[in-house]
Amino acid sequence: MRRTVEMLAVMARCFASRDPWFMLLACFALFTQMVCAVSGAHADVKLPAGETVQKVDFERHIVGVFGRMGCNSGSCHGSFQGKGGFRLSLFGYDPAKDYLALTREAEGRRLNRTDPDNSLLLLKATGRVPHEGQTRFGRDSWAYHLLRNWIADGAHWQPGSGTIVKIAITPPEYAFAKPGQTGQLHVKAVFADGTTETITSLCDFRTNDETVVEVTPLGKLRAVRPGDTAIIVSYRGHVVPVRVLVPLEAKPNFRYPEGPQVHFIDREVFAKLRRLGIVPSDLSSDTEFLRRVTIDTIGTLPSPQEVRAFLADTSSDKRTRKIDELLAHPMHAALWATKFCDITGNNTDALEGQGQRKALLSQMWHDWFRKRLAANVPYDEIVRGVLCATSREGLSPEEYVQQVKQIETVNCGFNETYAHRSTLDLFWRRQQQVPIEQWGEKTAAAFLGVRLECAQCHKHPFDRWTQTDYRAYANVFSRVSFGISPESQKLFRAENEERRKKKGDKKTVPLNPLREVFLTKASRILPDPDTNKPLPARALGGPIIPLDDGKDPRQTLFEWMRAPDNPFFARSFVNRVWGHYFGTGIVHPVDDFSLANPPSNDRLLEALAKDFIANKYNIRDLERKILLSRTYQLTAVPNETNRLDRTNYSHSYIRPLMAEVMVDVLNAALGATEKFGPEMPDGSRAIEVGASRVQNGSVNYAFRIFGRPPRTTTCDCQRAMEPALPQKLYLMADPSILQKMQAPQGRIARLLATERDDNKVLDELFLASVSRLPTAKERAWFASYRAQARDRRTAFVDTLWALINTHEFVFNH
């Protein structure tokens, strides 16, 4: 309106001058205004989900269109950098930059306000002019009309008009009655100005499991099979999950059985199973339970003697007593120390030093965790020891040098001196300098279960984190330094000179130069990505953390982490423990807490976290409750209702073994031991090895093919747990396995030397490998094979080889 009044005033002055040229200019201006008026006249836009848009808003509609089409951080064909410099924010998260790109860049050629249909933006998107991108929509589409109307109206932008307060989805949880049905999700946005608008057509819909529920681009659902999954709804970078349940269609006269429950774990698991119409499997047999719990807790098989004793025990509390025995076993701490080495990134190759010295440091890392886990130190205190570590821990430089020398005297086995330290400074000691961005990523994944990598360059596409959040969190670690502090400079340099003189002594393991982890003045602060000004350090979704108040900012971060209301700390760890004992986390992957990856059973996760906090982060108490639950002790044999269940724990899931456990289980079955390297005593178990690589080539190969991670990151995804062909070939044909079978001190040689009854030898081989006695059919098969075998040894070697190649042996169940 203001522009029209100004134009009329100019025209009046032109006609008043009576100058022919000015009068011609006035006529041209009048004509232009009429064209603009005609081009600006348009009908309301009908969106495909039924919404009607009368007034097109840049932030609400235009940015929403580009975000829905994937025109993010690049051209409409989805590249980060578009052709000709065209660049839009990821999913329309930054309207200001998007408006600038559309209206000001390329000399404003992308929009034609006087003739909207000839706007370069629309010509390219509809494929009417040649360009390297693809056609995005037709001229008769709703997206075209939204864009055209906005351009015709003058391509205005009112900053903040689309600021979102809340996104509401109706219904917030969708429960079908049976497979085959369809339904519709409706999405509304509440904006900062108090208005509400239906935005279903502008949202992106994705299903986390299309075998359970399918979803169309407009939010229409179709139930495929019984189960549940999440539908992820996105609008301009805002992500909301919706749980969708598809219950099993009940048969006539079916009555859901009432099963026994031990405590709150069973209550939450079984309550959801009831909603889905899924009946839990029966309780596992004694042999099934014993094998499962022994592998899960101490990473090996129960011995034949242990199986026999457990079967002979008729007391009602024998499972409880066995759980308590295994949780107190020394190998339980070793197994979890291995898992903590994965979580914290104990990468031997990244540590300082050379050769065996690196392996010794990795072993010290493992020993530090093992000592605390054996003593059942609370989880929060363990995390404090890692997160807030320094090398001197308040010691003087002279005292610290003496401590280092004492640590360096241990070149094999458990390093008691280092394990007694309060903190794990090895977490921060790396051969190469680690930028603060990586420290942010490592600590977020390890202790919060959050993957931040995607927020480094842009807004995280599937979570709340922005580039600002990423940088602010990284700045928390800007004061951590690894080198020589001013206080230690004189002493350390003198000591390092002495070490350089001894470097040529081949009789000892080379010593590393003295360096330390200490706090210094922040040397590098990541700037705000928008203003380029220094960005205050901040916890993820939490408070600002001062860097100059005389306190270690990591300590402030830790206090925020372990606060009872922290949304990640307790939940992420109980989820890791649950994932270990069930093969799949309530949030899976276990270190991927995000809006687009919601828990499969949020009530269960909350109950576990609440109980963990109430019990002061007691790890063993958490494990004991999980192991005592009926849910954990269900059989792996499915019933008619739960055979397709993979996320609701209605039966025990068949799952691969950790690489280290696979090596230990195999050695237990064969009656063999392993030599890993000079830093490990002979006869050590694989779960006791701290180094991410060992000198034994055969073991290194087994570790690699069974998925042991190199620990180059703290991402749980590095440990491969999927079955693979090389694993099968290894078990079938690796020479090291045959050598162990035929070894004079191996299980077969010992049995044949002491037992003449073939049936008793067969019993021992079954008990030692699959933790049960052979069936009548298996006895008959062996008798037939034994009759035609070349000799007794060959018959039993072949039998044991066949047993270790069965699924029953290779998997836990």
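Residues numbered from 1 in each chain as written. Predicted model: local features only at pLDDT ≥ 70, side-chain atom pairs only at ≥ 80, totals over all residues. Heavy atoms only, no water.

Engineer: How should I be thinking about the domain arrangement of the chain in this particular structure?
Structural biologist: A common way to express how large an interface is: the accessible area buried when the components associate. Taken domain by domain, the chain consists of domain 1 (2-152), domain 2 (164-246) and domain 3 (659-812). Residue-level contacts link 17 residues of domain 1 with 15 residues of domain 2. Summing both partners gives a buried area of about 1,400 Å² for domain 1 against domain 2, and 52% of it is carried by carbon and sulfur. Three residues stand out in domain 1 for area buried against domain 2, namely Glu51, Arg60 and Arg68, and they jointly supply 49% of the buried area on that side. Where Arg60 meets Glu197, a salt bridge forms, and the shortest distance between an N and an O atom there is 3.4 Å. Where domain 1 meets domain 2, there are nine residue pairs in polar contact (both at pLDDT 80 or more). Broken down by secondary-structure element, the contributors of at least two residues to the side of domain 1 that touches domain 2 are α3 (58-69) and α6 (142-152). If you tally residues by element for the side of domain 1 that touches domain 2, the top one is α3, at seven residues. For the side of domain 1 that touches domain 2, the class distribution of residues is 10 nonpolar, three polar and four charged. (Domains from an automatic or database assignment. Contact = heavy atoms within 4.5 Å. Buried area = accessible area lost by both parts, 1.4 Å probe. Salt bridge = Lys/Arg side-chain N within 4 Å of Asp/Glu carboxyl O. Polar contact = N/O pair within 3.5 Å; in protein donor to acceptor, adjacent residues only side chain to side chain. Helix = DSSP H or I, 4+ residues; strand = E, 2+ residues; numbered from the N terminus. Nonpolar A, V, L, I, M, F, W, Y, C, P; charged D, E, K, R; others polar.)

Engineer: I tried to follow the state of the cysteines on my own but got confused; where do I start?
Structural biologist: Note on terminology: disulfide describes a covalent bond linking the sulfur atoms of two cysteines. Evaluated as defined, the whole model comprises one disulfide. Note on Cys388: no disulfide assigned, nearest cysteine sulfur contributed by Cys341 at a separation of 19 Å. For Cys388, a relative accessible area of 12% gives the class buried. (Disulfide = S-S within 2.5 Å. Buried < 20%, exposed > 50% of the residue type's maximum accessible area, 1.4 Å probe, protein only.)

Engineer: So what exactly am I meant to see when it comes to unusual backbone geometry here?
Structural biologist: When glycine is set aside, most residues are seen to have a negative phi, and most peptide bonds are trans. A cis amide bond links Thr170 to the next residue, Pro171, at an omega of -5°. You can see Pro171 is positioned in the loop between β3 (164-170) and β4 (173-175). Pro589 follows His588 through a cis peptide bond whose omega is 0°. Inspection of the secondary structure puts Pro589 in the loop between α20 (569-582) and α21 (602-614). The residue Asn532 is not glycine, and still its phi comes out positive at about 65°. If you trace the backbone, Asn532 turns up in the loop between β14 (516-519) and α19 (553-561). By relative accessible area, Asn532 is classed as exposed at 60%. Positioned with a positive phi, Ser771 is a non-glycine residue whose angle comes to about 60°.

Engineer: Would you explain the nonpolar core in this entry?
Structural biologist: The nonpolar side chains of soluble globular proteins are, as a tendency, buried together. Judged by nonpolar contacts, the single largest core of 149 residues is most densely connected at Phe369, Tyr379, Leu557, Trp578 and Phe809. Leaving out residues up to four positions away in the same chain, Phe369 has contacts with Ala337, Phe340, Thr344, Ile382, Val386 and Leu424. The next biggest cluster of nonpolar side chains, apart from the first, holds 52 residues, and it includes Ala143, Ile164, Val212 and Val242. (Core = buried A, V, L, I, M, F, W, Y, C linked by side-chain atoms within 4.5 Å.)

Engineer: Even after reading the chapter, I still don't get the sheet that holds strand β6 (residues 186-191), so can you show me in this structure?
Structural biologist: Note on sheets: strands pair through backbone hydrogen bonds, and any given pair is parallel or antiparallel. On the basis of which strands lie adjacent, the open sheet formed by three strands has the order β3-β6-β7 and antiparallel pairing. Each edge of the open sheet is held by one strand with a lone partner, namely β3 and β7 (196-198). The mean angle between the axes of side-by-side strands here comes to 20°, regardless of whether they run parallel or antiparallel. Pairing analysis gives six bridges linking β3 to β6, with the strands arranged antiparallel. In the strand pairing of β6, Ile164 is matched with Phe191. (Pairing = 2+ DSSP bridges. Axes fitted to C-alpha atoms, helices over the stretch in contact; angles between N-to-C directions.)

Engineer: Please clarify how the pattern of salt bridges should be interpreted in this entry.
Structural biologist: Note on pairing: side chains with opposite charge can pair once their charged atoms come close. If you walk through the whole model with that rule in mind, you get 62 salt bridges. Taking the shortest distance from any N to any O, the salt bridge between Arg500 and Glu497 comes out at 3.0 Å. On the criterion of helical spacing, the pair formed by Arg500 and Glu497 is a turn pair, its members being three residues apart in helix α18 (residues 489-501). Exposure remark for Arg500: the relative accessible area of 51% places this residue in the exposed category. In this structure, the salt-bridge partner of Glu606 is Arg571, at a minimum N-O distance of 2.6 Å. Here Glu606 is found in helix α21, whereas its partner Arg571 is found in helix α20, with 35 residues between them in sequence. On the basis of relative accessibility, which here comes to 36%, the residue Glu606 falls in the partly exposed class.

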